[in-house]
Amino acid sequence: MKVFRENELILKSSVVSIGAFDGLHRGHQTLIKRAVKRARELDMPSVVYTFDPPPRVYFQSERMLTSIEEKMALIKELNVDYTIVAHFNRHYASRPPLEFIKELRLLGARDIWVGPDFRFGKDKEGSVEWLSEYLKVNIHPVVTCEQGKRISSTRIRKLLQKNDWIKVRDLLGRQSLEIQ
């Protein structure tokens, strides 16, 4: 897997999964695996587009679940061809949604995979519906645990506050977690 910063990678075609992927929990893994599978079906490279730090960490001072190094190691295990790590800062957060669309076009994005709550651009102006006007977007359904509850980074953070390591490990789908 090769890692790039935003606007450094240019491809003829690709399948792109986009998200903060903080914690790279079972829901994230399912979305990325689906995008990688689709890339193989289309004989195109797979790309993960993620952020460092995750937007919630930047804006809301949330606890970061995985370091960028751990996130990259976990993404590599999912057989992704390329990863783009956007440096999330004030400048990046102020970009208009159309600028992000232009970047996705540089990747030759044929299929985009995102979660149902995906928003992008300045003040979260960009929506899945808006992105769909420019590119083919696939919204991956919410992934739930055995009890039917949504798997999310927010839920994992709450479980960490309660020191509920058994549930945390189950939602992550692995034993290790480097807490930041």
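Reading the values: the criteria
- Residues numbered from 1 in each chain as written.
- Predicted model: local features only at pLDDT ≥ 70, side-chain atom pairs only at ≥ 80, totals over all residues.
- Heavy atoms only, no water.
- Helix = DSSP H or I, 4+ residues; strand = E, 2+ residues; numbered from the N terminus.
- Buried < 20%, exposed > 50% of the residue type's maximum accessible area, 1.4 Å probe, protein only.
- Contact = heavy atoms within 4.5 Å.
- Polar contact = N/O pair within 3.5 Å; in protein donor to acceptor, adjacent residues only side chain to side chain.
- Pairing = 2+ DSSP bridges.
- Right-handed = clockwise from strand over helix to strand, strands pointing away.
- 1 Å grid on protein atoms, 1.4 Å probe; cavity = no way out; pocket = protein on both sides within 12 Å on 5 of 7 lines; lining within 4 Å.
- Points joined across faces, edges and corners; volume = space filled by probe spheres on them.
- Nonpolar A, V, L, I, M, F, W, Y, C, P; charged D, E, K, R; others polar.
- Axes fitted to C-alpha atoms, helices over the stretch in contact; angles between N-to-C directions.

Draft legend 1. Highlighting the environment of Arg110. Relative to the helices and strands, Arg110 is located in strand 5 (residues 109–114). Among the residues examined, Arg110 registers a relative accessible area of 43% and is labelled partly exposed. Between the alpha carbons of Arg110 and Glu41 there is a distance of 12 Å; along the sequence they are 69 residues apart. Those residues in contact with Arg110, other than ones at most four positions away along the chain, are Lys12, Ser13, Ser14, Met44 and Lys136. One polar contact links the side chain of Arg110 to the main-chain carbonyl oxygen of Lys12, over a distance of 3.1 Å.

Draft legend 2. Spotlight on the environment of Ala109. Mapped onto the fold, Ala109 is located in strand 5. Residue classification places Ala109 among the buried positions, given a relative accessible area of 7%. Separated by 92 residues in the primary sequence, Ala109 and Ser17 place their C-alpha atoms 9.7 Å from one another. Once residues within four sequence positions are removed from consideration, Ala109 is found in contact with Ser14, Val16, Leu104 and Leu135.

Draft legend 3. Quick look at helix 3 (residues 68–77). Looking at helix 3, one finds that the buried residues are Ile68, Glu70, Lys71, Met72, Leu74 and Ile75. Just past helix 3, the residue Asn79 takes up positive phi, approximately 65°.

Draft legend 4. Spatial organisation of the pairing of strand 2 (residues 14–18). Taking burial as the measure, the five residues of strand 2 include five buried ones, the bulk of the element. Side chains of strand 2 alternate between two faces, with Ser14, Val16 and Ile18 and Val15 and Ser17 buried alike. The pairing of strand 2 with strand 5 spans four bridges and is parallel. By the bridge assignment for strand 5, Ser17 is matched with Trp113. Relative to strand 3 (residues 46–52), strand 2 runs parallel, the two sharing four bridges. When the bridges of strand 3 are listed, Val16 appears paired with Val47. Note that the unit made of strand 2, helix 1 (residues 26–42) and strand 3 has a crossover that is right-handed.

Draft legend 5. A look at the side chain of Arg26. The topology assignment puts Arg26 in helix 1. Only 2.9 Å separates the side chain of Arg26 from the backbone oxygen of Asp170, close enough to count as a polar contact. In this structure Arg26 touches Thr144, Cys145, Glu146, Ile151, Asp170, Leu171, Leu172 and Gly173, once residues within four positions along its chain are discounted.

Draft legend 6. Examining the layout of surface pockets more closely. Considering only enclosed or pocket space, the largest pocket measures out at about 1,200 Å³ in volume. Forming the walls of the largest pocket are 41 residues, and the residues nearest its centre are Gly19, Ala20, Arg56, Asp117 and Phe118. Of all the elements in the fold, those that place two or more residues in the lining of the largest pocket are helix 1, helix 2 (55–60), helix 4 (90–93), strand 6 (119–120) and helix 7 (153–161). Considering every element that reaches the lining of the largest pocket, the biggest residue donor is helix 2, with four residues. When its residues are assigned to classes, the lining of the largest pocket shows 20 nonpolar, 11 polar and 10 charged.

Draft legend 7. Broad picture of the sheet that holds strand 8 (residues 137–139). Across the sheet, six strands lie side by side as 1-4-3-2-5-8; this open sheet has parallel pairing. Bordering the open sheet on either side are strand 1 (2–4) and strand 8, each of which pairs with just one other strand. Along the sheet, successive strands turn relative to each other by an average axial angle of 25°, direction set aside. In this structure, strand 5 lies alongside strand 8, joined through three bridges in parallel fashion. Residue pairing in the sheet places Trp113 in a bridge with Asn138 of strand 8. Packed onto the sheet, helix 3 meets strand 1, strand 3 and strand 4 (82–87) and runs at close to 165° relative to strand 3.

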